[in-house]
Amino acid sequence: MPALPLDEAGKYVAGAYLVFLTLIVVYVAIIAAKVARIDRELTRLAEEDE
Amino acid sequence: MIATARAILRKDLLLEWRTKESVPAMTLFTLTVYVLFHFGLDRDALDGALASGVLWVTLLLASVIGVSRLFGAEREQGGIVGLLLAPVDRTALWVAKAAGLFLMLVLVELVAIPAFGLLLLGPGLGGALPELLAILVLGNLGIAAVGALVAALAAETRAHELIVPLLLLPLLVPVLISCAQATEPLLRQDAAAEELGRWLALLSLYDVVFVLLSVAVFDFLLED
Amino acid sequence: MYSKGLVPLAVASVVTIAAAMALIFFYAPLDADQGFIQKIFYVHVPMAIVALGGFVAGGIMAIKHLRSGDRSWDLRSYVAIHMSIILGVGVLITGAIWAKASWGHWWVWDEPVLVSFLVVFLLYCVYYPLRFSIEDPERQARYSSVFAIAAGAFVPLNFMAVRLAEAYTHPRVLSQTGGSLPGDMRLTFLVSIVAMTLLFVTLWKLELTAKHASLALKKLKRRLDARVAA
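Source: prediction; values computed, not measured.

About the thresholds
Residues numbered from 1 in each chain as written. Chains lettered and ligands numbered in written order. Predicted model: local features only at pLDDT ≥ 70, side-chain atom pairs only at ≥ 80, totals over all residues. Helix = DSSP H or I, 4+ residues; strand = E, 2+ residues; numbered from the N terminus. Rg over C-alpha atoms; globule rule 2.2 N^0.38 Å. Buried ≥ 20, exposed ≤ 12 C-beta atoms within 10 Å, placed from the backbone. Contact = placed C-beta atoms within 7 Å. Nonpolar A, V, L, I, M, F, W, Y, C, P; charged D, E, K, R; others polar. Axes fitted to C-alpha atoms, helices over the stretch in contact; angles between N-to-C directions. Parallel < 35°, antiparallel > 145°, perpendicular 65-115°, else oblique. Left-handed = near helix turned anticlockwise from the far one by under 90°. pLDDT = per-residue confidence, 0-100. Expected span 1.5 Å × (residues − 1). Arc of directions from axis to C-beta.

Asker: Requested: an account of the overall build of chain B, with residues and values cited.
Answerer: If you tally the helices and strands in chain B, you get ten helices and zero strands. Start at the N end of chain B and walk to the C end: the helices and strands fall as α-α-α-α-α-α-α-α-α-α. Here chain B has a C-alpha radius of gyration of 18 Å; the compact-globule value for 224 residues is 17 Å, and the two agree. Dimensions of chain B, computed from C-alpha atoms along their principal axes, come out at roughly 55 × 35 × 30 Å. A buried classification covers 47% of the 224 residues belonging to chain B. Long-range pairs, those at least 24 residues apart, make up 86% of the contacts in chain B between residues at least 6 apart in sequence.

Asker: I'd like a description of the interface of chain C and chain B, backed by residues and values.
Answerer: As a measure of interface size, the accessible area lost when the parts come together is often cited. Contacts between the two partners involve 25 residues from chain C, matched on the other side by 24 residues from chain B. If you list the elements that add at least two residues to the side of chain C that touches chain B, you get α4 (112–125), α5 (127–132) and α6 (137–169) of chain C. Among the elements that line the side of chain C that touches chain B, the one with the most residues is α6 of chain C, at 16 residues. Considering only residue class, the side of chain C that touches chain B consists of 21 nonpolar, two polar and two charged.

Asker: Any chance you could break down the interface of chain A and chain C for me, citing the residues and the numbers?
Answerer: If you look at the interface, chain A gives 23 residues, while chain C gives 29 residues. In the side of chain A that touches chain C, the residues fall into 18 nonpolar, two polar and three charged.

Asker: I'd like to hear about the packing of helix α6 (residues 90–119) of chain B against helix α7 (residues 129–155) of chain B, residue by residue, with values.
Answerer: Residue and element names in this part refer to chain B. Where α6 contacts α7, the two axes come as close as 8 Å, and the packing angle between them is 135°. As the angle between them shows, α6 and α7 are arranged oblique. Here α6 runs over α7; the crossing is right-handed. Contact residues: α6 offers Trp94, Lys97, Ala98, Leu101, Phe102, Leu105, Val106 and Glu109, while α7 offers Leu136, Asn140, Leu141, Ile143, Ala144, Ala145, Gly147, Ala148 and Ala151. Looking at side-chain class alone, the contact of α6 with α7 contains 13 nonpolar, two polar and two charged residues.

Asker: Residues and numbers for the confidence of the model for chain C, please.
Answerer: Residues and elements named next belong to chain C. In this model, chain C carries an average pLDDT of 87, and 94% of its residues clear a pLDDT of 70 or more. Across chain C, helix α2 (residues 41–68) holds the top mean pLDDT of 93, while α6 sits lowest at 88. Scored as a whole, the predicted complex attains pTM 0.87, and scored at its interfaces, ipTM 0.86.

Asker: Describe helix α1 (residues 2–19) of chain B, naming the residues involved and giving the relevant values.
Answerer: Residue and element names in this part refer to chain B. In this model, α1 (18 residues) spans 26 Å end to end at C-alpha, consistent with the 26 Å of a helix rising 1.5 Å per residue. Within α1 the residues assigned to the buried category are Ala5, Ile8 and Asp12. Buried residues of α1, viewed axially, fall in a sector of 70°; they line one side. In α1, the exposed positions angled more than 90 degrees off the buried face are occupied by Ile2, Ala3, Arg10, Leu14, Trp17 and Arg18. Close packing links the buried residues of α1 with α6. Positive backbone phi, at 50°, marks Lys20, one or two positions downstream of α1.

Asker: Can you break down the environment of His82 of chain C residue by residue, with the values?
Answerer: Residue and element names in this part refer to chain C. Tracing the backbone shows His82 in helix α3 (residues 71–103). We classify His82 as partly exposed; it has 19 C-beta atoms within 10 Å. Placed 42 residues apart in sequence, His82 and Tyr124 show a C-alpha to C-alpha distance of 8.9 Å.

Asker: Hey, could you go over the environment of Pro129 of chain C for me, with residue numbers and the actual values?
Answerer: Structurally, Pro129 of chain C can be placed in helix α5. Since 15 C-beta atoms lie within 10 Å of it, Pro129 of chain C is described here as partly exposed. Taking the C-alpha atoms as reference points, Pro129 of chain C and Phe36 of chain C, separated by 93 residues in sequence, lie 40 Å from one another. Every residue in contact with Pro129 of chain C, bar those within four places of it in the chain, is listed here: Ala159 and Ile163 of chain B.

Asker: Could you give an account of helix α10 (residues 196–217) of chain B, with specific residues and numbers?
Answerer: Residue and element names in this part refer to chain B. End to end, α10 covers 31 Å across 22 residues, agreeing with the expected 32 Å (1.5 Å per residue, within 8%). Restricting attention to buried positions, one finds in α10 the residues Trp199, Leu200, Leu202, Leu203, Tyr206, Asp207, Phe210, Val211, Ser214 and Val217. Taken down its axis, α10 places every buried residue within 160° of arc, on the same side. Residues of α10 that are exposed and point more than 90 degrees away from the buried face comprise Gly197, Ala201 and Leu212.

Spelled out as structure tokens, the structure:
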């Protein structure tokens, strides 16, 4: 398996690490949205209770 | 437990004998798939790896039909509730269903294998027979054990005809690999068993794991 | 209760990931054959190992659930499997990138780890339709646990079978995934695995906390609604 020149190889490696990073960030964003919704609901309930 | 299992098995076999639904359908299915492969691959005769692959993929796909229907009678007539009300050991139910599935597969293969020899196989089946029997027994055992488990898992879901193939086929990949690899050298022009022990050992391991697992876990299914 | 230790875990994850990255790009030597491409190995393989570990852990938690009847174990099992599936997507994509860069094709059947991973991934994808097509929550949890246990037992069996099969069609001349690594590569690899594991556990705890909060909120709402109605 011949080694690709660094500039070409770099794109693939960067792509792979980017996939990894994107997965983490998207996942955290989804959890963040969930937590935000919980927070909204709790505030609403607290207000109603008063 | 054995007595209960035998009773359930007898009921299932009687039902199948009277309605003659699953086994003929599965057998017909294998023959149809052979024809499909003939046209799809555009070949008159197969041997070696290709023959082995076609045979085992066909048998696996036919088993999906059998598994789908395994709890069919109970589902349609609300029989599961009836079985559960009786003080029946769930394991007996698994044994009966797995044994039934095993027998169905044997019956299908009694026709499907000779038919394969006639329709699609280049070299003859004769030399392969004793080893093929061993592979079939262990392979069928794996399919039966996993099939009964999957059938129960999918029995209560809404979309069970969809779930059964999606669950069953990946789980059977090790069976497919072992059986196809073991059968391949038997279906060559100069048939001779190669590495048979290794594949039979893997099949046995798979069978032991899934029989034990199913027996351990089946009590938690179909409970109400 | 799920969030205990979450912050220290998160900190540990960040530190280890940073360390791993530093090792990967500044310490580990270039591979003689594959050159810079081989660096993908440090993200692809740990992801695969941790994902498979997550599936097996999900199975073990499912066993705990069935034995104790405590539904919190089912929740833990669900989140572990859920996250392993997401990691699995990453494994397959980075695996494809690696394959394309190394062999020119987006998919190759040479790598038994990657191939067996595909089968495992296809199996676990059925977890969602199975789970969510069962309406009764108690039964849903029980059936999901049975699946998790069967699938967890399947993972090593499947790997064995695929590995044996590939040994015949694709003789493993070069051990891509582990085998005999030179010392500095091995260190980098180990740190990467630890980093990935810490990250997995951190995110697992995070999602568990969020899910639990959401469930507790639903319960609270029901209680308040009942009180208002009374």
